Structures are given as structure tokens and as C-alpha cells.
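# Observations on the model geometry
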Amino acid sequence: MFSSKSLITLGLASLPLAFATIHNVQVGADGLAFTPEAISAEIGDQVVFTFMNKNHSVTQSSFDSPCSAKEGGENSGFMPVPANQTDNLPIHTISIYDTNPLWIFCAQTAPVDHCGQGMIFAVNCPGDDSPNSFSNFKKAALAFGASLNASATPSSTPDASSGGYGGGYGSSGSTDASVTDSSATPAATDSSSSSSTPSADSSNSASSSNSSNIVKVIVGDASGDLTFNPSNISAPIGTTIQFEFHQKNHSVVQSTFPAPCSPMAGGFKSDFFGVDPTATTFQTWSITVNDSNPIWAYCRQTQPKSHCGAGMVFSVNANEASDKSFTAFKNAAEAQNGTTNGTTSDTSGATGGNGNGALSGHANGMGMGVVVAAVAVLASLL
């Protein structure tokens, strides 16, 4: 006869077998594909995506729009992996909270649209006799790709398969909702940084040297300095700020003055752009200034250390004569060392130079929730 304590202990010890299954999925191991393409999973299970060579993402969509990011959905960000890397591969983990279908695609678009080539994945999709079957989901993705091929012009952006962290890493036309035009999204800020959210454009086109309304900002550099150059600018309404990503692996994310290293709700957010040390061509990503209020931004890379905590921040139209100057903003980022009130900065999809990726933060939380629920059930039976 087991005691109450032994019953609870036994229940906890058996949780991994009884309640959760780990489903391993390879991303890009078999060309432009998820392997396997579809799985069935129970509540509490976890899906671990391992990224192989080239540059892919795990981005949630809907059945009706297989190649467009679902607002507020799962998104790993881009995970660049050199062709010769075989270990320490980046991973992204998601937890299954219900039995509803989960639709996934790769948001890479250069030099071809990966989703449009059929690089999709699903969890708990209905059978082939349903209109919402996996086969119909894939047909819709391929149809989207066919429509692109019928109207697209050749892309000059190299694919990430070129090796190292070359200029091909990152998307030249990502459907990630965080990169599309967000000018209609109200800015959720405090009174110290009440700026309208600039519109963001993931265009890869180079700026014209004689375009007075375009300001180029270099992100990172060949020497490894963690900096935006220039890091503080004045820009009138209508100015396009073109971020050109140089060596290492950086991003641009909007924040607020009080929380320099945390993403602003509704703010702009680029993907990560990994760049080879020998690269001579660089990808760009742009925003447009919609008003004269200050804009605060940072690099959300955290591997091997917080770039924001090292002072890699940027501002537009900061009032240098006030207590909310760029210098004060940078000092706050360095003082917080990349954190705000003890909470680490946004790390979703962060990959360092070695290709190691960050786990999805909610995965462990789901596992703990299963443990708590199991304990409660066991206790009620005693």
C-alpha cells in the first residue's frame, strides 16, 4: 500500500512518459521541407524544430493563408546555419496547448519563396476527407508559389546556402507580421516616448546616394563593434531610415525610453541578419518616420551577451537638451545590462555566431503546468 507521499512521488516520476511526448522535426534537412511534414500531438506535448543548413524559420499561419504570418502567432525568427555545421544546431520548441490544427511555414523568400515551394508543416490537421486537410494546405501553398513565379522578377538576393553568415541570410521579403507595415498599429508607450509606430519595410533595395529623404544606418561592423552608426539622428517626417546589417548577427527592435532593452508593444521588429566576416554585400531593412516624436530602438541579440546591455541602442529625434537624451538612453541600457526590472530582453529567435538558438520561453512553462495539474489530480485521489 502506497502512502500519500509515495503516490505523489510516483506520479511525478512518471509524468514525462504519461503526459508528454517530444516530437522532433528537422527544418531543411531534405531540401525545402519540414521532416516530417505533419504530426499528431496531445496536449502537453512539445515539438522541437532543429534547423539544418541554409536559413529557415518556423512561422505560424492559418489554413486559408498558408504563406502569411498569423498575427500573434508562433515565430522562431530566421535561423541561419552554415552548410558545414553539423553540431550545436539551433532549435526552436513549441508546446501544444490544445488539439486544434496548427499550421506552420518557412518565411524565407530569397532567392525563392520557401513556402511557395511547399515548405510547410502542420500539427493535428484533419484527414484527407476534410477540406482543411494537410494535402489541401500544401496545395494552397504551392498555388501561392505558382502565382509568385508567374509575376515575379528575378531576385538579386543570394540564398543562405552560400555558406558562412553571408549576405543571403535573412529575408528579402518576409511575410513575418513584425516586418510588414505597422503604421496603422497604435503605439503602446508611456508618456515619455509617445511616438507613433513607424512603418517597417523589409525591402532589400540599396539607397540612392542622392536621396535626401533616406538615411542609412550601419548595424554592427567588421571589427565586431556592437553599435549603430550613426546611433542618434534627427529625421523629419517622411524620412526613410535604412538599416544596413554588417558583420555578426543583429536586429533592430523598437523599445521605450524607460525600458531600452525590451520590445515596445506594437513596435517595429526586424528579423535577425547574420553576416559572414568576409561579406562585401549587405542586406537592408527600413522604417519610415511618421512624426517628430522620439523613436528608441536596440539590437535584441543576447548571444554570447546582450548587445543592448553593451550599449547597442539607437534613437531618432531624441532631445539632447532634456533628461531623455540618447546618452541617457544608452546609459540606462548599460546599467540594466540588457534587462528591465529583472526581466530579460526579447530573445525569440536569437542566434549567436555559433548558430545556437534560444528555446521558446513558454515551453518550460507548459511542462510545469502539466506537473502542477498532475499533482492536483493525484492529490484528489488520496
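Summarised in this report is the structure supplied together with it. (Residues numbered from 1 in each chain as written. Predicted model: local features only at pLDDT ≥ 70, side-chain atom pairs only at ≥ 80, totals over all residues. Heavy atoms only, no water.)

Before going further, it helps to spend a moment on the overall build of the chain. Check the secondary structure of the chain and you find five helices and 23 strands. Buried positions account for 48% of the 382 residues belonging to the chain. Counting contacts in the chain only where the partners sit at least 6 residues apart, residues at least 24 apart contribute 73% of the total. Surface summary for the chain: the accessible area is close to 16,700 Å², and the carbon and sulfur share equals 53%. (Helix = DSSP H or I, 4+ residues; strand = E, 2+ residues; numbered from the N terminus. Buried < 20%, exposed > 50% of the residue type's maximum accessible area, 1.4 Å probe, protein only. Contact = heavy atoms within 4.5 Å. Areas by Shrake-Rupley, 256 points an atom, 1.4 Å probe, with all protein chains shown as cover.)

It is worth spelling out the environment of T99 at this point. Note on placement: T99 falls in the loop between β8 (91-95) and β9 (102-105). Taking the C-alpha atoms as reference, T99 lies 8.5 Å from V123; in sequence the two are 24 residues apart.

The subject of this paragraph is the side chain of S130. Looking at the element boundaries, S130 is found in the loop between β10 (120-123) and α3 (134-151). Exposure remark for S130: the relative accessible area of 19% places this residue in the buried category. Only 3.1 Å separates the side chain of S130 from the backbone nitrogen of N132, close enough to count as a polar contact. (Polar contact = N/O pair within 3.5 Å; in protein donor to acceptor, adjacent residues only side chain to side chain.)

Of the consecutive residues N229 and P230, the connecting peptide bond is found in the cis state with omega at 0°. Structurally, the position occupied by P230 is in the loop between β13 (228-229) and β14 (232-233). Residue Q303 is joined to P304 through a cis peptide bond whose omega torsion reads 0°. Along the polypeptide, P304 turns up in the loop between β20 (295-298) and β21 (313-316). Although it is not a glycine, N88 adopts a positive phi angle of roughly 50°. With respect to the secondary-structure elements, N88 resides in the loop between β7 (79-81) and β8. The class for N88 is exposed, based on a relative accessible area of 53%. With a phi angle near 60°, N317 is a residue other than glycine that sits in the positive phi range. Along the chain, N317 turns up in the loop between β21 and α4 (326-336).

With that settled, consider α4. Considered for burial, the residues of α4 that qualify are F326, F329, A332 and A333. In a view along the axis of α4, the buried residues occupy a sector of 125°, so they form one face of it. Residues of α4 that are buried make contact with β14, β17 (253-255), β20 and β21. Remark: N337 follows α4 within two positions and exhibits a positive phi of approximately 55°. (Arc of directions from axis to C-beta.)

In this section: the pattern of salt bridges. Under the criterion given, the structure shown has three salt bridges. With a closest N to O distance of 2.6 Å, K138 and E37 form a salt bridge. Of this pair, K138 sits in helix α3 while E37 sits in the loop between β2 (34-35) and β3 (38-39), placing them 101 residues apart in sequence. Under the relative-accessibility criterion, K138 is labelled partly exposed at 24%. Judged by its relative accessible area of 25%, E37 falls in the partly exposed class. (Salt bridge = Lys/Arg side-chain N within 4 Å of Asp/Glu carboxyl O.)

One finds F228, I241, F243, F245, V252, F314 and V316 to be the most contacted residues of the largest nonpolar core, which totals 23 residues. Listed by contribution, the elements that provide at least two residues to this core are β12 (214-219), β15 (240-245), β18 (273-275), β19 (284-288), β20 and β21. For this core, the element with the most residues is β15, which contributes three residues. Once residues within four sequence positions are removed from consideration, F228 is found in contact with V217, I218, V219, F243, S251, V252, Y298, C299, M312, V313 and F314. The next biggest cluster of nonpolar side chains, apart from the first, holds 21 residues, and it includes A41, V47, I96 and V123. (Core = buried A, V, L, I, M, F, W, Y, C linked by side-chain atoms within 4.5 Å.)

Reading across the sheet, the four strands line up as β3-β10-β9-β6 and stay open at both edges, with mixed pairing between neighbours. A single partner strand is all that each edge strand has here, and the edge strands are β3 and β6 (59-61). Pairing geometry for β6 and β9, over three bridges, is antiparallel. Across the sheet, the residue bridging to T59 is F105, located in β9. (Pairing = 2+ DSSP bridges.)

Function-wise, these values are silent; they only describe arrangement.
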